[in-house]
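These are the residues of each chain, in order.
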Amino acid sequence: MSVRVRFAPSPTGRLHVGALRTALFDYLLARNAGGANILRIEDTDRGRYQPEAEVEFIEAMAWSGVVFDEGPHVGGPHAPYRQSERKEAGIYAEQIDKLLASGHVYKAFETSQELDEMRTYQQINKLPQGYFGGDWRDASPEKVAEAEAAGKPYVIRLRIQRNKTIVLQDAVRGRIEWDSNVLDDPVLIKADGMPTYHFAAMVDDHLMGITHVIRGEEWIPSVPKHLAIFQACGWEPPIFVHCPVITGPDGKKLSKRHGATSVLDYRAMGFLPEALMNFVALIGWSPGEDREVMAPDELIQAFALSGLQPSPGKFDFDKLKWMNGTYIRNMTVPGLLQKLREFASGDGFEAFWAGFVPEDGQPPIVQGEPARVPARLRALLDLADRDPDYVLRAIELEQERVTTLADFGDACAFFVDVAPEMDPKAAAKWLGQEHVPALFSYMQSKLSGSVTEADCEAWVREYQAAHGFEKLGPLVHPLRVALTGRTAGPGLWELMALLGPDRMRTRLTAALG
């Protein structure tokens, strides 16, 4: 059996982590098995349809590394790939006509008021909720013809067989059973002629040869209706794979408070697509052997449905940042500089940071001030145009300390600014100590010609020995604050050598003032 999977989003909003995980599992399974990955747009809900959402889906998938073999943007043998277009082509009408002829479906003419009265009656009498036939499931052909002749609107419902056990052998949860007597008769064609999701998706899955349906566990209650549709049509159903829900680290429903947002927002935040793919793949799936950092090819090779877990998968934003930082540290410095250029000029970058407002409890997404990310990064890249060797070395020194591309602007700011911003608390603690003026004057006396890391360390240790300091801290901390405005950063000797004598002299003079 050649594996064929489909990612079938409804274009009603932005693409988020849960949908990305489904699309990613589809892609990994298809590539692992040498099969086909299909994008299908399920746009039958015209009231909520957003045309720009489809464009974003395709862009977000392409950036994330998910590739489709068939779809509305690439074509394929089963076109069209939008359900609205498939409806206009008569694909669903052909199937519903067959079901009408076989008696597996029927026309129901209840008005909205009559349906409301039915639901109220069921609630008052504590009866099962839903439509179990009403006046139309067993209506005579004459009664149906009379209603049609009168121009009454109707829906077409599936005639669920009663007194049956419907069985699903789920790839994640094993055997699940339902009593058909508790299932209501679902609408397959709405009064406006549009197919419902239940009908259109199952027809398309069959006609497109889908072998595996991967989706969230929230779809499990719909499974018996989907299986009943396949049975009524005389088709073999695909293998259903219901993935666990995604929660925050606290076990609660995933939200922005946990760091979750749309896929393209992660791009604007400075996450690498390979890191996001790696992170999302491990939410509810395990490759075994405690592996975590895995390149796309490794994920494809390792992916198997047997690795999916039934328990909820946790979205840990701190782990995502750690993983992204690992990918950043594995890049070459020239490659990283080029990636920073692409990041700062990318679609949505400026708009994201201009409009960013953190929600209450949301974890920090950048090391510096969010509003200053674009300006800081532009300043770094402008300097790279004038002095690439200097900026490459600065990026290399900070590469071990950042977690996203957006961090680099603030992390490298003291390399870029003529006079770095001072942390007031750091300045008050270290620059006012009695021995500091003499230390800075001594260092200034040494700053002539070229400066190496070894020179800087030797001078400070020489001063330590000459003035009887037991530890280097009282010397290192004031120097770091004077040169960078901060108490933490790369190794002091490395950053001093990179700043060079002129920058150090200027900053020490300012600190003495």
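Look a little higher up for the structure.
None of the values given here were measured: they were computed from a predicted structure.

Criteria and cut-off values
- Residues numbered from 1 in each chain as written.
- Predicted model: local features only at pLDDT ≥ 70, side-chain atom pairs only at ≥ 80, totals over all residues.
- Heavy atoms only, no water.
- Helix = DSSP H or I, 4+ residues; strand = E, 2+ residues; numbered from the N terminus.
- Contact = heavy atoms within 4.5 Å.
- Phe/Tyr/Trp six-rings, centres within 6.5 Å; stacked < 30°, edge-to-face > 60°.
- Buried < 20%, exposed > 50% of the residue type's maximum accessible area, 1.4 Å probe, protein only.
- Lys NZ or Arg CZ within 6 Å of the ring centre and 35° of its normal.
- Pairing = 2+ DSSP bridges.
- Right-handed = clockwise from strand over helix to strand, strands pointing away.
- 1 Å grid on protein atoms, 1.4 Å probe; cavity = no way out; pocket = protein on both sides within 12 Å on 5 of 7 lines; lining within 4 Å.
- Points joined across faces, edges and corners; volume = space filled by probe spheres on them.

## Digging into the side chain of aspartate 26
- As for its position among the elements, aspartate 26 is in helix H1 (residues 17-33).
- In this structure aspartate 26 touches Val5, Arg6, Phe7, Asn37 and Ile214, once residues within four positions along its chain are discounted.

## Description of the packing of aromatic side chains
- This structure, assessed with the given rule, holds 18 aromatic pairs.
- Their ring planes at 70° and their centres at 5.9 Å tell us that phenylalanine 271 and phenylalanine 317 sit as a pair that is edge-to-face. With a gap of 46 residues between them, phenylalanine 271 in the loop between helix H9 (263-269) and helix H10 (273-281) and phenylalanine 317 in helix H12 (residues 317-329) connect regions that are remote in the sequence. With respect to burial, phenylalanine 271 and phenylalanine 317 carry one shared label: buried.
- Ring pairs connect the aromatic residues Tyr266, Phe271, Phe279, Phe315 and Phe317, which therefore count as one cluster.
- Directly above the aromatic system of tryptophan 136 lies the positively charged group of lysine 143, at a separation of 4.7 Å from the ring centroid.

## Thoughts on the pairing of strand E2 (residues 36-39)
- Residues Ala36 and Ile38 of E2 are buried on one face, and the alternating residues Asn37 and Leu39, pointing to the opposite face, are buried as well.
- Looking at chain direction, strand E1 (residues 4-7) and E2 are connected through 4 bridges and run parallel. From the neighbouring strand, valine 5 faces E2, where its bridge partner is asparagine 37.
- For the crossover that starts at E1, traverses H1 and ends in the parallel E2, the hand is right-handed.

## Considering the layout of surface pockets
- In this structure, the largest pocket encloses a volume near 1000 Å³.
- Lining the largest pocket are 34 residues, with Pro9, Gly18, Ala19, Glu218 and Trp219 positioned closest to its centre.
- Looking at the lining of the largest pocket, the elements that each hand over two or more residues are E1, H1, strand E8 (212-216) and strand E10 (246-247).
- Among the elements that take part in the lining of the largest pocket, H1 stands out by supplying 4 residues, more than any other.

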